[in-house]
Amino acid sequence: MAPRLPPLNPLRAFEAAARHGSLTKAAAELSVTHGAVSHQIRALESALDVQLFERGGQRLKLTAHGAELLPSVSTAFAEIAGATARLTRPSSAGALSVTCVPALLSFWLLPRLSSFTARFPDIRLTLDAANDPDLIHSAGIDICVLYGDGNWTDCWSRRLTGLDLFPVVSPSLINNRPIRTIRDMKEHILLHADDGREWHTWLSAADALDLKRNAQHHMCDARLAIEAAIHGYGVALGDTVTASRFLASGQLVAPFNLAVPAVDAFHVACRSDLRSAPVVQVFIDWLTSEFADMNARAEPQTTARRAIRRSTPAQRKAPARKAAKSRKS
């Protein structure tokens, strides 16, 4: 005789409420009322003859019985969802919705998409430029490629690569207003892609936090900051992934021999129930392979950035190389 299992709907209500720590959020996820979730949980407690949540307080708290039950229930639902996804989403055909950090999407991913399409011509991609971890749990999104610390809950994620940050500027701008030392930066506009944290990190490494600065402008993301630098509007912080092609083509040059590791990194993430879906796995495997191949090939512009070391204060005051041609390696 098969073992008797608790009813499915109360288990779903329990898992959602425990995961969110809120009956209201669980109700919104399940598209039912707050009262319905509460009723389902009480029905489950009655069927099991145990108390699963401690009553009282604004946030739900699991009892010892609830904490013991939750991992098994969460795993079971994830396995069911994964099996369903595998049945309904074949690996070589179907639709896939991907969000990606704007700069990475424009400057790194799009130039490589032809290789993915050549291998999987029947997978239809929908791409959106965004760096919002909340989209991981959006019903209309399959995969998120994010820039951040990777500390996102209730999902699967993998670190793709770290990166180094360094100033970049257009050859025309640096020829008109040379940047021979870090002190020359006071004559230039600093282009921020965040709240100023990354420039602060670089200037700290350069012993230049006391630098008197000209105008500073904030862009909504690194893509706009890099594009503004290409147009000669100011000095942006490039990185070893998204700025490399512009260094190789000579559209940008790096006036200083100093790069600092970024605090954050690029990650790929998706809902746990989607991770085993073949069409999702295909894209994640391809993406991971592309990053590994990029690092293994050590493209000339990447090699140049890797050669950068933290310089001494005396070296930081040394003149930057004048000719743009010498920075096209």
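That block above? That's the structure.
Because the structure is predicted, anything quoted here is derived from the model rather than measured.

1. So, the overall build of the chain
Then, in step 1: Assigned secondary structure in the chain consists of 13 helices and 12 strands.
Then, in step 2: The burial tally for the chain puts 45% of its 329 residues in the buried class.
Then, in step 3: Considering only contacts in the chain between residues 6 or more positions apart, those separated by 24 or more positions represent 77%.
Then, in step 4: Surface exposure of the chain reaches about 16,600 Å², of which carbon and sulfur atoms provide 52%.

2. Let's talk about the pattern of salt bridges
Pairing between side chains of opposite charge can happen when their charged atoms approach one another.
Then, in step 1: By the definition in use, this model includes 6 salt bridges.
Then, in step 2: A salt bridge links Arg271 to Asp273, with the nearest nitrogen and oxygen atoms 3.7 Å apart.
Then, in step 3: By relative accessible area, Asp273 is classed as partly exposed at 24%.

3. Observations regarding the sheet that holds strand β10 (residues 235–239)
Then, in step 1: Strand order in the open sheet formed by 5 strands is β9-β8-β10-β7-β11, with mixed pairing between adjacent strands. Strand pairing shows two members of the sheet lacking a second neighbour, β9 (216–218) and β11 (260–261), which therefore form its edges.
Then, in step 2: With respect to the sheet, helix α9 (residues 222–230) is in contact with β7 (164–168), β8 (190–192) and β10, its orientation differing from that of β10 by roughly 125°.

4. Quick word on the nonpolar core
Then, in step 1: Core analysis: the biggest nonpolar cluster contains 55 residues, and Leu104, Trp202, Val280 and Leu287 have the highest contact counts within it.
Then, in step 2: If you tally residues by element for this core, the top one is helix α11 (residues 278–297), at 9 residues.
Then, in step 3: Discounting residues that sit within four places of it in the chain, Leu287 has contacts with Trp108, Leu109, Val145, Leu160 and Val268.
Then, in step 4: In terms of nonpolar packing, the next biggest core, distinct from the first, is built from 17 residues, Leu11, Phe14, Leu23 and Ile41 among them.

5. Re the environment of Gly35
Then, in step 1: Inspection of the secondary structure assignment puts Gly35 in helix α3 (residues 34–48).
Then, in step 2: For the pair Gly35 and Leu23, spaced 12 residues apart in the sequence, the C-alpha separation amounts to 8.5 Å.

6. Here's the deal with the sheet that holds strand β6 (residues 156–161)
Then, in step 1: Judged by pairing direction, the sheet is mixed, and its 5 strands sit side by side in the order β4-β3-β5-β12-β6 without closing on themselves. The sheet is open, and its two edges are formed by β4 (123–129) and β6, each paired on a single side. Across the sheet, the mean angle separating the axes of adjacent strands is 20° when strand polarity is ignored.
Then, in step 2: Across 7 bridges, the pairing between strand β3 (residues 94–100) and β4 is parallel. Pairing of Thr99 across the sheet is with Asp128, part of β4.

7. Focus on the pairing of strand β12 (residues 265–270)
Each regular strand carries side chains that alternate between the two faces of the sheet.
Then, in step 1: For β12, the tally of buried residues reaches 6 of 6 residues, placing the bulk of the element in the interior.
Then, in step 2: Here β12 shows two buried faces, one formed by Ala265, His267 and Ala269 and the other by Phe266, Val268 and Cys270.
Then, in step 3: Bridge count between strand β5 (residues 143–148) and β12: 5 bridges; the pairing is antiparallel. In the strand pairing of β12, Tyr147 is matched with Phe266.
Then, in step 4: Sheet topology places β6 next to β12; 5 bridges connect them, and they run antiparallel. Within β12, the position partnered with Arg158 by the bridge is Val268.

8. Structural notes on the side chain of Thr63
Then, in step 1: By secondary structure assignment, the location of Thr63 is in the loop between β2 (61–62) and α4 (64–88).
Then, in step 2: A polar side-chain atom of Thr63 sits 2.5 Å from the main-chain carbonyl oxygen of Gln51.

9. So, the state of the cysteines
Cysteine pairs can be covalently joined through their sulfur atoms, and such a bond is termed a disulfide.
Then, in step 1: In this structure the tally under the stated criterion is 0 disulfides.
Then, in step 2: For Cys100, which is in no disulfide, the shortest distance to another cysteine sulfur is to Cys144 and amounts to 9.7 Å.
Then, in step 3: By relative accessible area, Cys100 is classed as buried at 2%.
Then, in step 4: For Cys155, which is in no disulfide, the shortest distance to another cysteine sulfur is to Cys270 and amounts to 7.8 Å.
Then, in step 5: The exposure class assigned to Cys155 is buried, which follows from its relative accessible area of 18%.

Basis of the calculations
- Residues numbered from 1 in each chain as written.
- Predicted model: local features only at pLDDT ≥ 70, side-chain atom pairs only at ≥ 80, totals over all residues.
- Heavy atoms only, no water.
- Helix = DSSP H or I, 4+ residues; strand = E, 2+ residues; numbered from the N terminus.
- Buried < 20%, exposed > 50% of the residue type's maximum accessible area, 1.4 Å probe, protein only.
- Contact = heavy atoms within 4.5 Å.
- Areas by Shrake-Rupley, 256 points an atom, 1.4 Å probe, with all protein chains shown as cover.
- Salt bridge = Lys/Arg side-chain N within 4 Å of Asp/Glu carboxyl O.
- Pairing = 2+ DSSP bridges.
- Axes fitted to C-alpha atoms, helices over the stretch in contact; angles between N-to-C directions.
- Core = buried A, V, L, I, M, F, W, Y, C linked by side-chain atoms within 4.5 Å.
- Polar contact = N/O pair within 3.5 Å; in protein donor to acceptor, adjacent residues only side chain to side chain.
- Disulfide = S-S within 2.5 Å.

By themselves these figures say nothing about function.
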